[in-house]
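Survey of secondary and tertiary structure
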Amino acid sequence: GQNIDQPTEMTATEGAIVQINCTYQTSGFNGLFWYQQHAGEAPTFLSYNVLDGLEEKGRFSSFLSRSKGYSYLLLKELQMKDSASYLCAVENSGYALNFGKGTSLLVTP
Amino acid sequence: DAGITQSPRHKVTETGTPVTLRCHQTENHRYMYWYRQDPGHGLRLIHYSYGVKDTDKGEVSDGYSVSRSKTEDFLLTLESATSSQTSVYFCAISESLAGGGDTQYFGPGTRLTVL
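One numbering rule holds for all chains: residues counted from 1, following each sequence as written. Chains carry letters and ligands carry numbers; both start at the beginning, A for chains and 1 for ligands, and go up in the order they are written. Selection of residues for local features in this predicted model requires a pLDDT of at least 70, selection of side-chain atom pairs for listing and counting requires 80 or more, and totals for whole chains, interfaces and linings are taken over all residues. Only hydrogens and water are set aside when side-chain values are computed; all heavy atoms of the structure are taken into account.

Right, let's talk about the interface of chain B and chain A for a bit. Residue contacts follow a heavy-atom distance rule, with two residues in contact if any of their heavy atoms lie within 4.5 Å. Counting residues at the interface gives 22 residues for chain B, matched by 17 residues for chain A. Summed over both partners, the accessible area (1.4 Å probe) lost when two parts come together is defined as the buried area. For the pair chain B and chain A, the two sides together bury roughly 1500 Å², of which 60% comes from carbon and sulfur. It is Leu43, Asp102 and Phe106 of chain B in chain B that bury the most area against chain A; as a group they hold 27% of the surface buried on that side. Salt-bridge detection follows one rule: a side-chain nitrogen of Lys or Arg within 4 Å of a carboxyl oxygen of Asp or Glu. Taken together, the connections running from chain B to chain A amount to zero salt bridges.

Working definition: a disulfide is two cysteine sulfur atoms within 2.5 Å of each other. Tallying each qualifying case throughout the model produces two disulfides over all chains. The disulfide bridge from cysteine 22 of chain A ends at cysteine 88 of chain A, spanning 2.0 Å between sulfur atoms. Of note, the bridge from cysteine 22 of chain A to cysteine 88 of chain A carries an S-S torsion of about -70° and is left-handed in sense. Placement of the pair is cysteine 22 of chain A in strand S3 (residues 18-25) and cysteine 88 of chain A in strand S9 (residues 84-93), with a sequence separation of 66 residues. One exposure class covers both cysteine 22 of chain A and cysteine 88 of chain A, and it is buried. Each sulfur in the disulfide pair cysteine 23 of chain B and cysteine 91 of chain B lies 1.8 Å from the other. Only runs of H or I of at least four residues qualify as helices and only runs of E of at least two qualify as strands under DSSP, and these elements are numbered from the N terminus. Classification of residues uses two cut-offs on accessible area relative to the type maximum, computed with a 1.4 Å probe and protein chains only: under 20% is buried, over 50% is exposed, and between them is partly exposed.

Bringing the side chain of glutamine 25 of chain B into the picture now. All names here are of chain B. Locating glutamine 25 in the fold gives a position in strand S3 (residues 19-25). Residues adjacent in sequence count toward polar contacts only when both atoms are side-chain atoms; beyond that, a polar contact is any pair of N or O atoms within 3.5 Å, and within protein one must be able to donate a hydrogen and the other to accept it. In terms of polar contacts, glutamine 25 uses its side chain to reach the backbone amide nitrogen of glutamate 27, at 3.3 Å. Apart from the residues within four sequence positions on either side, glutamine 25 is in contact with Gly3, Met32, Arg68, Thr71, Glu72 and Ile93.

Before going further, it helps to spend a moment on the sheet that holds strand S7 (residues 60-65) of chain A. All names here are of chain A. One open sheet holds the five strands; their spatial order is S1-S3-S8-S7-S6, and the pairing between them is antiparallel. The outermost strands of the open sheet, each flanked by one partner alone, are strand S1 (3-5) and strand S6 (53-57). Looking at each pair of strands side by side, their axes are set apart by 15° on average, direction ignored. As judged from the six bridges shared by S3 and strand S8 (residues 70-75), these two strands associate in the antiparallel manner. Across the sheet, valine 18 pairs through a bridge with leucine 75, a residue of S8. The rule for pairing is simple: two strands pair if DSSP sees at least two bridges between them. Structural elements are reduced to axes, namely lines fitted to C-alpha atoms, with helices fitted over the stretch in contact, and the angle between N-to-C directions of any two is expressed from 0 to 180 degrees.

What follows is about the pattern of salt bridges. Residues and elements named next belong to chain B. One pass over the full model with this rule turns up seven salt bridges over all chains. Put simply, arginine 22 and aspartate 73 hold a salt bridge, and the shortest N to O gap is 3.1 Å. Here arginine 22 is found in strand S3, whereas its partner aspartate 73 is found in strand S8 (residues 73-78), with 51 residues between them in sequence. Relative accessible area serves as the criterion here: at 33%, arginine 22 is assigned to the partly exposed category. Given a relative accessible area of 9%, aspartate 73 falls into the buried group.

Take the packing of aromatic side chains next. Note on ring pairs: Phe, Tyr and Trp rings are taken, using the six-membered ring of Trp, and paired if centres are within 6.5 Å. Classes follow the plane angle, with under 30 degrees stacked, over 60 edge-to-face and the rest tilted. The tally for this structure, following the rule as stated, stands at 19 aromatic pairs over all chains. With 5.6 Å between their ring centres and 85° between their planes, tyrosine 35 of chain A and phenylalanine 106 of chain B make a pair best called edge-to-face. Linking tyrosine 35 of chain A in strand S4 (residues 31-37) with phenylalanine 106 of chain B in strand S10 (residues 102-106), this pair reaches from one chain into another. Accessibility classification places tyrosine 35 of chain A together with phenylalanine 106 of chain B in one group, the buried group.

Right, here's the structure in full:
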């Protein structure tokens, strides 16, 4: 089976840095993904980690530790448009993704 | 944009009626997926396809069937809709990443309400 946990809600201030954590226990591991989803829209791909370490992509970075079953998404220089849900997903086998329930991030002025 | 469209985008139907949702892609992707998204549950896989006429069940397949007779179309059918199938349905395709690995890109979604 699989269990993917992330906080339900977070609030942060415009211009600040926020870290969204994800822990997982899965029967296999082919990679960890982060998606962003604005209300009423489809999820959009943000990042992919398959090896341990930090992947940086502009204001967004994602970290993975396979031995600890742990990942985080780091958002820097927060903007109001970053208010959205952030979904952590693990690919364990067969190209299928298993998603956490998502973290709703509210960015305040 | 991975060239994915879904139809209809919104549908209201009554309990017991059959419903078919269509996912169409234009870029010859081999893998296609159907998910449902509900508050408190996140995205859950219903069925997926790894080629024409090749499909497999996901986590929440009961009450759903799928068909893929052409590469570009993946159909999801609710044989007899129930209120518990009220949800937002997303289709996705799998695409290779430039640095290795694959990820999924999602269609715009279909909001289905079963009364």
